[in-house]
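Each chain, written out:
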Amino acid sequence: MANANPTRSRKTQHDGIVVSNRRMRSALQLAVVILGSIFALYPFIVVVSASFDPTNSLSGQTLIPANASFINYQKILSNEQTPILRWLANSLTVSAITAIITLILTTLAAYSFSRFRFRGRQASLQITLLIQVFPSVVGLVAFYILLQQLGDIIPWLGLNSLGGLILIYTGSALGANAWLMKGYFDTIPRDLDESAMVDGASRWTIFVQIILPLIRPILAVIALLAFVTSFNDFLIPQVLLKDTNVKTLSVGLISLLNNNFSVSWGVFAAGALIGTLPIIIIFLALQTQIVGGLATGAVKG
């Protein structure tokens, strides 16, 4: 009995230290989460505040404007010189078509690279990866010349057209996404293909009815990446698009900052918030698939 008390005391002390360490670790994690959330949300809160500030000035702005109103939203929606709904429609059109075409071509290419063995396969994969190493800005001059010449043959794919912009975005998105999806295809056992072929299924039937349902999470991730990348891009449409009616949202909004006398920061902030709505809606609609695709990729990668 005399020896039990010191042992029990040491065990109790050890348990107390463990509990204390857990509490300290939990407090530290909570502090990091709070600081990270403030760091991430503060710019967004400032933009929201500026959009409701009728003074259109960032100097002396408070997080809660004194005379908050919707005047900035009324200005940008009613001004014929800033057709934001047209710009938003252009951005949505370009991004949606780019995402769909990228998804189709990427899926077919990745499936071919993963399941078939053909001459030049490795060289094609290496060239595809090498092209993606260079940023899009490197090929900006080539894009301009290409669309200029292509527009003489097919006007709706030339300069100052949404079709030409879609063509550039689709080509830029194929390489990295094809590699990403190929890695996902490689994690799917070939036994599924072989068992289905033994039962008489064709390659197309296997692809549509067996493979595609298994890769829905990565399809959602790639579609979202292609959509967001083209929707938020500024440099390429700034160079290729000139007419007001064909501008995308990012290019159109920058015209609000080109006033030599004053900058309408409140109107600009209102337009920026309107432009974020489609992205938020898409994230909310696909969040389950996106999280599943990222988590599965992290586990299998």
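Residues numbered from 1 in each chain as written. Predicted model: local features only at pLDDT ≥ 70, side-chain atom pairs only at ≥ 80, totals over all residues. Heavy atoms only, no water.

Caption draft 1: Main features of the overall build of the protein. On a plain count of helices and strands, the protein comes out with twelve helices and zero strands. Order of helices (α) and strands (β) in the protein, N terminus to C terminus: α-α-α-α-α-α-α-α-α-α-α-α. Counting across all 301 residues of the protein, residues that qualify as buried make up 33%. In the protein, 68% of the contacts between residues at least 6 apart in sequence involve partners at least 24 apart. (Helix = DSSP H or I, 4+ residues; strand = E, 2+ residues; numbered from the N terminus. Buried < 20%, exposed > 50% of the residue type's maximum accessible area, 1.4 Å probe, protein only. Contact = heavy atoms within 4.5 Å.)

Caption draft 2: Examining the packing of helix α5 (residues 140-153) against helix α6 (residues 162-186) more closely. As a packed pair, α5 and α6 sit with axes 11 Å apart at the nearest point and diverge in direction by 135°. Of the possible angle classes, the one that applies to α5 and α6 is oblique. As α5 runs across α6, the sense of the crossing is right-handed. Counted together, Phe-143, Leu-147 and Leu-150 of α5 and Gly-164, Leu-167, Ile-168 and Ser-172 of α6 form the full contact between these two elements. Among the residues forming the contact of α5 with α6, the class breakdown is five nonpolar, two polar and no charged. (Axes fitted to C-alpha atoms, helices over the stretch in contact; angles between N-to-C directions. Parallel < 35°, antiparallel > 145°, perpendicular 65-115°, else oblique. Left-handed = near helix turned anticlockwise from the far one by under 90°. Nonpolar A, V, L, I, M, F, W, Y, C, P; charged D, E, K, R; others polar.)

Caption draft 3: Structural detail: the nonpolar core. With 19 residues, the main nonpolar core has Ile-76, Ile-84, Phe-231, Leu-249, Leu-253 and Ile-274 as its most contacted residues. The set of elements that each furnish at least two residues to this core consists of α2 (71-78), α3 (84-115), α9 (216-232), α11 (249-254) and α12 (265-300). Ranked by size, the runner-up nonpolar core spans 15 residues in total, among them Ala-110, Ile-218, Leu-219 and Val-221. (Core = buried A, V, L, I, M, F, W, Y, C linked by side-chain atoms within 4.5 Å.)

Caption draft 4: Local environment of the side chain of Thr-82. Following the sequence through the fold, Thr-82 ends up in the loop between α2 and α3. Apart from the residues lying within four places of it in its own chain, the contact partners of Thr-82 are Ile-76, Trp-87 and Leu-256.

Caption draft 5: Highlighting a nonpolar patch on the surface. Together, Leu-30, Ile-34, Leu-35, Ile-38, Leu-41, Tyr-42, Phe-44, Ile-45, Leu-63 and Ile-64 give the surface a local cluster of nonpolar side chains, amounting to about 1,000 Å² of exposed area. If you trace the backbone, Ile-45 turns up in helix α1 (residues 4-51). (Patch = residues over 30% accessible without salt bridge, like charges linked within 9 Å, V, L, I, M, F, W, Y side chains within 5 Å. Areas by Shrake-Rupley, 256 points an atom, 1.4 Å probe, with all protein chains shown as cover. Salt bridge = Lys/Arg side-chain N within 4 Å of Asp/Glu carboxyl O.)

Caption draft 6: Representation of the packing of aromatic side chains in the model. Overall, the coordinates contain ten aromatic pairs when judged by the stated rule. An angle of 80° between the planes, with centres 5.3 Å apart, marks the rings of Phe-52 and Phe-70 as edge-to-face. Separated by 18 residues along the polypeptide, Phe-52 in the loop between α1 and α2 and Phe-70 in the loop between α1 and α2 bring together distant segments of the chain. (Phe/Tyr/Trp six-rings, centres within 6.5 Å; stacked < 30°, edge-to-face > 60°.)

Caption draft 7: Broad picture of unusual backbone geometry. Located in the positive-phi region is Asn-160, a residue other than glycine, with phi close to 60°. On the secondary structure map, Asn-160 appears in the loop between α5 and α6.

Caption draft 8: Inspection of α2 at higher detail. Inspection of α2 places Asn-72, Tyr-73 and Ile-76 among the buried residues, and these make up the whole buried set. Along the axis of α2, the buried residues cluster in a sector spanning 100°; they form a single face. (Arc of directions from axis to C-beta.)

Caption draft 9: Main features of the environment of Asn-177. Following the sequence through the fold, Asn-177 ends up in helix α6. What makes Asn-177 buried here is its relative accessible area of 8%. Excluding its chain neighbours within four sequence positions, the residues that come into contact with Asn-177 are Thr-102, Thr-106, Ile-222 and Leu-225. For Asn-177, the side chain forms a polar contact with the main-chain oxygen of Ala-173, separated by 2.8 Å. (Polar contact = N/O pair within 3.5 Å; in protein donor to acceptor, adjacent residues only side chain to side chain.)

Caption draft 10: Representation of the confidence of the model for the protein within the structure. Scored by pLDDT, the protein has a mean of 82; 87% of the residues are at 70 or more. α12 is the least confidently modelled element of the protein, averaging 75 in pLDDT, while α3 averages 92, the highest of any element. Low pLDDT, under 50, characterises residues 297-301; the stretch is placed with two contacts to residues that sit more than four places away or in other chains. (pLDDT = per-residue confidence, 0-100.)

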